[in-house]
Amino acid sequence: MLRPIYYVAKATFHEAWRRRFLNGILVFAILMIGSSRVLMYMQPGAELRMLVDIGLGSIRFFGLLIAVFMGARLISDEIEKRTIHTILAKPVSRGQFLIGKFIGGVTTVWSNIAIMGVAFYGLVRLTAPRVAAAAEGESWVYSLDLMYGRVLGSIGLIFLELFVVTALAVTFSTIFSWILATISTFFIYFVGQMSEFIHQLADPERGATPVAAIVLGTIYRILPHFEIFDMREAILDPARPLPWEHPAKVVIQTCTYVVVVILIGYLFFNEREV
Amino acid sequence: MSKSSFARYGGWLMVLILLVLLQPLSDSVNYERLIYGLVRPMPATRLVEKDFTVVPGVIAGAILGGFREIAAAMIWMKSTELWNKGHGTELKYLSMVRTTTLLDPHWLEPWRIAGWHLAYNMYVEADKIPDPELRAKRKAQYMQMGVDCLKEGISWNPDHYDLYFELGWTYFDKVRNYDEASKWLSHTLQFEHPEYIERIIAHAYERKPEMQKALDWYDYCIKRNPADGTAYGATLTIHERYLTAWRLMEEGKYDEAIEEANCYLAVAPNNILPLHLKAHIYEQAGELEKAYKWWSVAGKTALNAHARERAARLARQLGKEVPPEPADIMRQEQMAVPERKF
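First, a word on scope: everything that follows refers to the structure included in this document. (Residues numbered from 1 in each chain as written. Chains lettered and ligands numbered in written order. Predicted model: local features only at pLDDT ≥ 70, side-chain atom pairs only at ≥ 80, totals over all residues.)

Thoughts on the overall build of chain A
- Broken down by element type, chain A carries 12 helices and zero strands.
- Helices (α) and strands (β) of chain A occur, in sequence order from the N terminus, as α-α-α-α-α-α-α-α-α-α-α-α.
- Against the compact-globule benchmark of 19 Å for 274 residues, chain A has a radius of gyration of 21 Å, which places it among compact chains.
- Its C-alpha atoms give chain A principal-axis dimensions of about 70 × 50 × 30 Å.
- The 274 residues of chain A split such that 43% are buried.
- Contacts in chain A between residues far apart in sequence, at least 24 positions, make up 80% of those at least 6 positions apart. (Helix = DSSP H or I, 4+ residues; strand = E, 2+ residues; numbered from the N terminus. Rg over C-alpha atoms; globule rule 2.2 N^0.38 Å. Buried ≥ 20, exposed ≤ 12 C-beta atoms within 10 Å, placed from the backbone. Contact = placed C-beta atoms within 7 Å.)

Structural notes on the interface of chain B and chain A
- If you look at the interface, chain B gives 39 residues, while chain A gives 42 residues.
- Among the elements that take part in the side of chain B that touches chain A, helix α1 (residues 3-35) of chain B stands out by supplying 15 residues, more than any other.
- Residue composition of the side of chain B that touches chain A, by class: 20 nonpolar, 10 polar and nine charged. (Nonpolar A, V, L, I, M, F, W, Y, C, P; charged D, E, K, R; others polar.)

Concerning the packing of helix α13 (residues 272-285) of chain B against helix α14 (residues 288-299) of chain B
All names here are of chain B.
- Remark: α13 packs on α14, axes separated minimally by 7 Å, with the N-to-C direction vectors making an angle of 165°. Classified by the angle their axes make, α13 and α14 are roughly antiparallel. Seen along the crossing, α13 lies across α14 with a hand that is left-handed. Residues Ile 272, Leu 275, His 276, Lys 278, Ala 279, Tyr 282 and Glu 283 of α13 touch α14, and the partners they reach there are Leu 288, Lys 290, Ala 291, Trp 294, Trp 295, Val 297 and Ala 298.
- Partitioned by chemical class, the residues of the contact of α13 with α14 number 10 nonpolar, one polar and three charged. (Axes fitted to C-alpha atoms, helices over the stretch in contact; angles between N-to-C directions. Parallel < 35°, antiparallel > 145°, perpendicular 65-115°, else oblique. Left-handed = near helix turned anticlockwise from the far one by under 90°.)

So, the packing of helix α6 (residues 94-134) of chain A against helix α7 (residues 144-175) of chain A
Residue and element names in this part refer to chain A.
- Packing of α6 against α7 leaves a shortest axis separation of 9 Å and a crossing angle of 155°. It follows from the interaxial angle that α6 and α7 lie roughly antiparallel. Note on packing geometry: the crossing formed by α6 with α7 is right-handed.
- For the contact of α6 with α7, the residue count by class is 23 nonpolar, four polar and two charged.

Let's talk about the nonpolar core
- Counting residues in hydrophobic clusters, the biggest one holds 161 residues, and the most contacted among them are A:Ile59, A:Ala67, A:Val165, A:Ala167, A:Ala169 and B:Trp295.
- Broken down by element, the residue count for this core peaks at 15 residues, all from helix α3 (residues 47-74) of chain A.
- Leaving out residues up to four positions away in the same chain, B:Trp295 has contacts with B:Ala279, B:Ala307, B:Arg310, B:Ala311 and B:Leu314. (Core = buried A, V, L, I, M, F, W, Y, C linked by C-beta atoms within 7 Å.)

If you want it as structure tokens, here you go:
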């Protein structure tokens, strides 16, 4: 049962790495991460915060581009080019095909994130001690060891975030053409960034009507909450504790959500005429 | 029901069950994010409450793409450009600075500039209003907005010296509320701070007047640095000129205290410290009319909002016509609405 999934995933991974636009995005992302060393001086007195923000922001943003543009084409391209018939003619079920494609897509995204993460982490290790030394005597107090750990934690959360994005893109690609799948994934991503705002809108104490409270409340419950993957607020602040239970919960929540999304994708894909 | 439709409905049921099971975990994660301070402090959507035109498309894209600090820096640069072109007192400039604080509330500089800009520049800008009552009201509003802005900045950055000092200084220098000034300046002492902070606190007590507390703070300054000439000189001045009157007032010998205060007033009739002392002694003696008169005299000296506010407060107590004084309006409104939002 697992062998077909492995072969589909492996083929997807290799095919994705051959796509030039993905390689281009990766190169551009690394250039952007490198330039954060210069751009951090845009905020005098808060250089490290700027460095962390640009670096992690770049990884998220370019990782998002890779996840969406690649994920949205994984299934729809196979359908549009009719190559799916060749694969499904072999002893590969639709479920195995979908999971294999998803795993191949996720490993591609994660490998890209890993490369960007290593580049950024190296940059932080090189730059942070110098900035912290220059800031000595000012009111900012940096705990470098804590910061390094939390930067790694944040990169880990980006892995999880793009896990969800890839799942969404793959699921949309089972339903729509790749263009529509791309637009839908971006839309859900941006709305998911504002899920807390939707939650507030659904609050009757803030003036939501009963109907609005139900509709918006349901949307909030169904939407992915992308804010949970962002811990930039705590990276430089030693006063903010982060017990391990919290990331563990985020991992469980993410994995469950991905299972839900892929299951929905499977249900649509299973019904679809190819 | 066929096998395929059973699988289909079973699949959707599974999706529903998983989504329902996910909710308590999701709520718990969101709650913990709030507790651990991981929540992004200012949702980008709050920007719509402000002047949205200051956020061009590129910057809005940067915000949504997760580059919030870059967006803040870009708006900050645009606001600086506006300032350099002489448009610093326009509402657009204020909206830009405020948007910067919304986008990156842990960047101290925009908070400082916004607070200073409101309490100082916009305050002076209100001089253009011809109606004195409206003018005083608008000035009070700008001072209050400056103070509120700095307080909000502190709430996002409680572990940093800068905004405590800025707020303390605004109270000391602009609002002339010496109680609040000494309170907020005292908060800066928990951080590494320059030597003059304790001296400013002492000055605040001196002007209030609270001579004993002023002496205590000067005494601390001298013990910390015996070469502190300012603290040494101020201590000598208080001892020579005001301490006798202060002690007599504490003993309830108000007439003698007034006579003592008059001794120095005869030499320097426009010096605010003996004027404040004299008014304060009358207030302690319960002679509110005379206290009002002397606070009013002190209030005629330049920039003495503290005396004018005290005079206005006494005028209200005595049923007199209250002159429009921004510091007084600010205090009244603060008493009516303790928490305000900028």
